[in-house]
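Chain by chain, the residues run as shown.
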Amino acid sequence: QVQVVESGGGLVQPGGSLRLSCAASGSIFTMYAMGWYRQAPGEQRELVAAITSGGSTNYVDSVKGRFTISRSNAKNTVFLQMNSLKPEDTAVYYCEARGATMKGANFDSWGQGTQVTVSS
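Rules used throughout
- Residues numbered from 1 in each chain as written.
- Predicted model: local features only at pLDDT ≥ 70, side-chain atom pairs only at ≥ 80, totals over all residues.
- Heavy atoms only, no water.
- Helix = DSSP H or I, 4+ residues; strand = E, 2+ residues; numbered from the N terminus.
- Rg over C-alpha atoms; globule rule 2.2 N^0.38 Å.
- Buried < 20%, exposed > 50% of the residue type's maximum accessible area, 1.4 Å probe, protein only.
- Phe/Tyr/Trp six-rings, centres within 6.5 Å; stacked < 30°, edge-to-face > 60°.
- Lys NZ or Arg CZ within 6 Å of the ring centre and 35° of its normal.
- Disulfide = S-S within 2.5 Å.
- Core = buried A, V, L, I, M, F, W, Y, C linked by side-chain atoms within 4.5 Å.
- Contact = heavy atoms within 4.5 Å.
- Salt bridge = Lys/Arg side-chain N within 4 Å of Asp/Glu carboxyl O.

Caption draft 1: Quick peek at the overall build of the protein chain. When helices and strands are counted, the protein chain shows 0 helices and 11 strands. Along the protein chain, helices and strands appear, N-terminal first, in the series β-β-β-β-β-β-β-β-β-β-β. On C-alpha atoms alone, the protein chain measures out to a radius of gyration of 14 Å, which is about the 14 Å that the 2.2 N^0.38 rule sets for 120 residues. Over its C-alpha atoms, taken along the principal directions, the protein chain stretches across nearly 50 × 25 × 20 Å. Within the protein chain, buried positions represent 42% of all 120 residues.

Shown next as structure tokens:
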């Protein structure tokens, strides 16, 4: 069983910054990749940014140059630094962790989500 917990959301004015954190814990043998998704009301969930164990990253076009994803492999933790926030970034942000357990089974675990609201 792998648990994923996000933190760091909140209310911020346009142009402001927030840093999201996500920690995975449990019977983790190896982590393949971790990522951040978001879902705005009435919209589909979309991938915002992802990072592999080797450090390769990818971002949705709308956040390139503003958001940065990073990770601490030793701690199975991933961060999302969000700068120059816009009202259209308002959404619930979810963390995903994919890897393998100590028993050799693959897992794909999600957190409960953290609300990010960008508004003046």
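Read on for the rest.
Caption draft 2: Quick peek at the packing of aromatic side chains. Throughout the structure, instances matching the rule amount to 1 aromatic pair. Between the aromatic rings of Y37 and W110, the centroid separation amounts to 4.8 Å while the plane-to-plane angle is 55°, which identifies the pairing as tilted. Separated by 73 residues along the polypeptide, Y37 in strand β4 (residues 28-39) and W110 in strand β10 (residues 106-110) bring together distant segments of the chain. When its relative accessible area of 33% is taken as the criterion, W110 is described as partly exposed. Above the face of the Y94 ring, R45 is positioned so that its terminal group lies 3.8 Å from the ring centre. Directly above the ring of W110 sits R45, whose terminal nitrogen or CZ lies 4.9 Å from the centroid.

Caption draft 3: Looking closely at the state of the cysteines. Tallying each qualifying case throughout the model produces 1 disulfide. In this model C22 forms its disulfide with C95; the gap between the sulfur atoms is 2.0 Å. Linking C22 and C95, the disulfide has an S-S dihedral of approximately -80° and is accordingly described as left-handed. One end of the pair, C22, is in strand β3 (residues 18-26); the other, C95, is in strand β9 (residues 91-101), and 73 residues separate them in sequence. Each member of the pair, C22 as well as C95, carries the same accessibility label: buried.

Caption draft 4: View of the nonpolar core. Ranked by internal contacts, the top residues of the largest apolar core, which has 28 residues, are W36, L80, M82 and Y93. Among the elements of the structure, β1 (2-7), β3, β4, β5 (46-52), β7 (67-72), β8 (77-82), β9 and β11 (114-118) are those that each provide at least two residues to this core. Residues within four places of L80 in sequence aside, it is in contact with L18, R19, L20, W36, V48, A49, F67, T68, I69 and Y93.

Caption draft 5: Region of the structure containing the pattern of salt bridges. Counted under the stated rule, the structure contains 5 salt bridges. The shortest N-O distance in the salt bridge between D89 and R38 comes to 3.0 Å. Taken together, the positions of D89 in the loop between β8 and β9 and R38 in strand β4 put the pair 51 residues apart, joining distant regions of the chain. D89 gets classed as buried once you look at its relative accessible area, which sits at 1%. R38 sits in the buried class, given a relative accessible area of 6%. Note that K64 and D61 form a salt bridge whose closest N and O atoms lie 2.9 Å from each other.

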